[in-house]
Amino acid sequence: MDLEAVRTFVAVAEAGQFQKAATDLSITQQAVSKRIAALERGLGVRLFTRAARGTELTIDGQAFLPHARELLRVGERAVASVRPGRRPLRVDVIASRGAAAGLMRDFHRVHPGIELDVVMLFDMDAAVAAIRSGAIDASFRAVAVPGRPLPEDIVSVRVLDEPLQLLTGPAHALAGAPSVTLAQLVGHRIWMPGIVPGTEWGAYYDDLVAEFGLTIEATGPNFGSDALLDTIADTPALATFMGEHTRLIWPAGHGLRRIPVTDPNPVYPHSLLWHRDNPHPALTTLRTHLATTTRDRAPGAWTPHWVLPR
């Protein structure tokens with residue numbers, strides 16, 4: 001149904017005259033007449049009758065009027081839902097317990113008046129496609145994966161370097177260490193079933209293994225973080241990597257240890273991606289917030305050679 005014709009019908013019903021409705025709508029009286037005639041043809045009924053002082057609604061017109069007004073209200077809400085500044089800012093954070101989700105929680109605390117839709121997309125391709133289609137406004141990713149450059153219309157800015165930590169159970173050989181070097185981890189089994197080949201985090205850990213001779217195993221099904229923590233707690237021969245800002249909670253009886261990794265300190269590089277033509281005003285607010293609240297890259301930190309400079 002043509003909403004402009006519906007809008008014209010309501011204007012005529014309220015004005016009581018075609019000429020007055022035309023003035024209110026800033027169109028000609030002929031255009032008003034054509035719109036009403038087209039609407040009547042589509043509905044198969046007469047909506048107005050001529051009266052001495054203008055027009056009056058027929059019985060069908062009276063029945064249609066409240067629904068026409070509701071149609072206009074629904075149309076306005078539909079437009080507002082996608083109008084920049086009127087709809088929520090949609091941001092991909094990859095995982096609810098990761099550093100990116102923490103950055104968005106901090107942003108929400110500082111800017112509680114900005115509506116947010118937080119989503120979790122699986123990989124870089126899905127995130128970039130969603131940004132380019134307008135399904136989301138921004139995404140936190142580690143870029144750029146070798147051989148997969150970003151499209152020219154996607155902008156990326158490095159916003160956070162997250163130090164890696166070693167997570168061990170209480171009986172692990174390194175559990176009592178205040179910190180561990182990458183050299184000390186050579187020969188130890190690091191279990192990370194969440195690594196998926198072809199993802200940006202898969203590329204990151206592939207480079208870490210290649211450069212420092214580590215052993216990272218991605219074998220077995222990934223049953224989620226709770227199952228991972230249970231296994232690490234119960235298996236002295238296994239450890240895993242996790243980000244310093246990753247929020248995980250485990251039973252006190254697990255006795256898990258989070259140990260800083262040094263010499264050098266591997267950091268996971270989080271960047272914010274968005275479309276260069278995205279006009280959402282809250283996106284600018286988010287970028288400014290991240291630029292002023294996230295820390296600079298720590299001295300002696302390590303990232304793969306393909307990671308964009310900060």
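Note that the structure is a prediction, hence the values are computed from the model and not measured.

## Considerations on the overall build of the protein chain
Each helix and strand in the protein chain was counted, giving nine helices and 13 strands. In terms of overall dimensions, the protein chain is more spread out than a globule: its C-alpha atoms have a radius of gyration of 29 Å, far above the 19 Å expected for 310 residues. In terms of principal-axis extent, the alpha carbons of the protein chain reach across some 95 × 40 × 35 Å. Out of the 310 residues in the protein chain, the part that is buried amounts to 45%.

## Structural notes on the pairing of strand β10 (residues 238–243)
Where burial is concerned, most of β10 is hidden: six out of the six residues are buried. Neither face of β10 is left uncovered, since the one carrying L238, T240 and M242 and the one carrying A239, F241 and G243 both have all their residues buried. Note: strand β6 (residues 154–168) against β10, five bridges, orientation antiparallel. Residue pairing for β10: T168 is matched across the bridge by A239. Here strand β8 (residues 189–191) runs beside β10; their pairing, made up of two bridges, is parallel. Bridge assignment links R189 to a residue of β10, and that residue is L238.

## A look at the packing of helix α2 (residues 18–25) against helix α3 (residues 29–43)
Contact pair α2 / α3: the axes reach a minimum separation of 8 Å and the direction vectors enclose 105°. By the angle between their directions, the pair α2 and α3 is classed as roughly perpendicular. Side by side, α2 and α3 meet where F18, Q19, A21 and A22 of the first sit next to Q29, V32, S33 and I36 of the second. Classifying every residue of the contact of α2 with α3 by side-chain character gives five nonpolar, three polar and no charged.

## Looking at a nonpolar patch on the surface
Taken together, the side chains of M1, L3, L43 and L71 define a hydrophobic patch exposed on the protein surface, amounting to about 330 Å² of accessible area. Along the chain, M1 falls in the segment before α1 (3–15). We classify M1 as exposed; its relative accessible area is 61%.

## Here's the deal with the nonpolar core
Judged by nonpolar contacts, the single largest core of 25 residues is most densely connected at L166, L185, Y205 and F241. Within the residue set of this core, elements represented by two or more residues are β6, α7 (200–212), β10 and β11 (257–262). Here this core takes five residues from α7, the largest share from any one element. When neighbours within four sequence positions are excluded, L166 is seen to be in contact with L174, V180, L185, A239, T240, F241, R257, R258, I259 and V261.

## Side note on the packing of aromatic side chains
Aromatic ring pairs are reported here in terms of the distance separating the ring centres and the angle at which the planes meet. Tallied over the full model, the rule gives nine aromatic pairs. With a centroid separation of 5.2 Å and 50° between ring planes, the pair formed by F9 and F64 is classed as tilted. One end of the pair, F9, is in helix α1; the other, F64, is in helix α4 (residues 59–82), with 55 residues separating them in the sequence. There is no split in this pair, since F9 and F64 are both buried.

## Some details on the pairing of β11
Examined bridge by bridge, β6 and β11 share four bridges and lie antiparallel to one another. For T168, the partnering residue across the bridge sits in β11 and is R257.

## A few points about helix α5 (residues 99–110)
One full turn of an α-helix is made of 3.6 residues, so residues set three or four places apart face in the same direction. Between its first and last C-alpha, α5 extends 17 Å over twelve residues, near the 16 Å set by a 1.5 Å rise per residue. For α5, every residue scored as buried is listed here: A99, A100, A101, G102, L103, M104 and F107. Lining the buried residues of α5 we find β3 (89–92), β4 (116–119), β5 (138–141), β6, β12 (265–275) and α9 (281–293).

## So, unusual backbone geometry
Across the junction of D263 and P264, the peptide omega takes the value -10°, indicating a cis bond. Relative to the assigned elements, P264 resides in the loop between β11 and β12. Of note in the backbone geometry, S26 takes a positive phi value of approximately 60° without being a glycine. Assignment of secondary structure puts S26 in the loop between α2 and α3. Among the residues examined, S26 registers a relative accessible area of 67% and is labelled exposed. The backbone of D263 shows a phi angle near 55°, a positive value even though the residue is not glycine. One can find D263 in the loop between β11 and β12.

Cut-offs applied
Residues numbered from 1 in each chain as written. Predicted model: local features only at pLDDT ≥ 70, side-chain atom pairs only at ≥ 80, totals over all residues. Heavy atoms only, no water. Helix = DSSP H or I, 4+ residues; strand = E, 2+ residues; numbered from the N terminus. Rg over C-alpha atoms; globule rule 2.2 N^0.38 Å. Buried < 20%, exposed > 50% of the residue type's maximum accessible area, 1.4 Å probe, protein only. Pairing = 2+ DSSP bridges. Axes fitted to C-alpha atoms, helices over the stretch in contact; angles between N-to-C directions. Parallel < 35°, antiparallel > 145°, perpendicular 65-115°, else oblique. Contact = heavy atoms within 4.5 Å. Nonpolar A, V, L, I, M, F, W, Y, C, P; charged D, E, K, R; others polar. Patch = residues over 30% accessible without salt bridge, like charges linked within 9 Å, V, L, I, M, F, W, Y side chains within 5 Å. Areas by Shrake-Rupley, 256 points an atom, 1.4 Å probe, with all protein chains shown as cover. Salt bridge = Lys/Arg side-chain N within 4 Å of Asp/Glu carboxyl O. Core = buried A, V, L, I, M, F, W, Y, C linked by side-chain atoms within 4.5 Å. Phe/Tyr/Trp six-rings, centres within 6.5 Å; stacked < 30°, edge-to-face > 60°. Expected span 1.5 Å × (residues − 1).

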